[in-house]
Amino acid sequence: MAKPISSKPIPKLIATLDKLKTTLNPLPTSYIADKEDDYLKNVYATMLASVIAAKGIISDDENRLFSLLLTSIGLNKDPNYYINNVNEISEKEAKTFIQGLDTSAKQANFLFEALLLARIHSPINEVQIQLLNETLSFWSLKSQHVEKITFWAEIILGIQTFDKMTDLRKKVQVTTQTEEGLTYVTLHVQKHQIVRPQTV
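Each residue is numbered by its place in its chain's sequence as written, counting from 1. Side-chain atom pairs in this predicted model are given and counted only at pLDDT of 80 or more, local residue features only at pLDDT of at least 70, and totals for whole chains, interfaces and linings cover all residues. Here the side-chain values reflect all heavy atoms present in the structure, with hydrogen atoms and water set aside.

Turning our attention to the packing of aromatic side chains. Stacked, tilted and edge-to-face are the three classes assigned to paired rings of Phe, Tyr and Trp, where Trp is represented by its six-membered ring and a pair needs centres within 6.5 Å; plane angles under 30 degrees give stacked, over 60 edge-to-face, the rest tilted. If you walk through the whole model with that rule in mind, you get eight aromatic pairs. For the pair Phe97 and Phe110, a centre-to-centre distance of 4.9 Å together with 70° between the ring planes defines the contact as edge-to-face. Separated by 13 residues along the polypeptide, Phe97 in helix H5 (residues 91-100) and Phe110 in helix H6 (residues 104-119) bring together distant segments of the chain. Look at Phe97 and you get buried, because its relative accessible area is 0%. Put simply, the rings of Tyr44, Phe97, Phe110 and Trp139 touch in pairs and so form one group of aromatic residues. One cation-aromatic arrangement involves Lys35 over Tyr31; the distance from NZ or CZ to the ring centre is 4.0 Å. Under the scheme used here, helices are H or I runs from DSSP no shorter than 4 residues and strands are E runs no shorter than 2 residues, and both carry numbers assigned from the N terminus. Burial classes: relative accessible area under 20% of the type maximum marks a residue as buried, over 50% as exposed, and values in between as partly exposed (1.4 Å probe, protein chains only). The criterion is that NZ of a Lys, or CZ of an Arg, lies within 6 Å of the ring centre and within 35 degrees of the ring normal, and then a charge sits over that ring.

This part takes up the packing of helix H2 (residues 38-53) against H5. Between the N-to-C directions of two axes lies an angle of 0 to 180 degrees, each axis being a line fitted to C-alpha atoms and, for a helix, fitted only over the stretch in contact. Put simply, H2 and H5 touch, their axes get as near as 9 Å, and they point 100° apart. In terms of orientation, H2 and H5 fall into the roughly perpendicular class. Within the contact between the two elements, H2 uses Tyr39, Leu40, Val43, Tyr44 and Met47 and H5 uses Glu93, Thr96, Phe97 and Gly100. Amino acid classes used here: Ala, Val, Leu, Ile, Met, Phe, Trp, Tyr, Cys and Pro are nonpolar; Asp, Glu, Lys and Arg are charged; the rest, including Gly, are polar. The residue makeup of the contact of H2 with H5, split by class, is six nonpolar, two polar and one charged. Roughly parallel means an angle under 35 degrees; roughly antiparallel means over 145; roughly perpendicular covers 65 to 115; every other angle is labelled oblique. Contacts are assigned to residue pairs that have any heavy atoms within 4.5 Å of one another.

The structure is reproduced here in structure tokens:
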């Protein structure tokens, strides 16, 4: 009679194989990987961590994607290092981050990666929207640019498909307001239309 095999090692093996995904299937190199020094990249990573920390409980999907993004940026610290430092970001570091992303391409890259993190596991929440709006208020990204970034984030996550591109404005509305020569971009997200994305 065949001896039954214990299933106890299986969860550990599954976890090991899952962890390998971040090593064997890395994301393409981040746009800022070779354009900023390690100090700014670490602040950048902490700002990304704030997006998922805003939900309170971090899912496996969010943690895995964050790990992949850290590797693509060229950082090798554990994701928890950045997540635990979210509440420790100083005014100086925040200023360095805002001013350091001094081109629309760098700003767009952050918004794109932040949106991926915000929506990989569940609908974006009010705290995340406020956080992204506060960040965008320092920059001058055009509303059309923000819409395209949002759309491509949805494509990557499987939330959006090409045949629904005309419905983008129904899901994410972007308004602009000009004060003292500065243009502020604000995101208005209809959360109930966001469906559960595919797992990375």
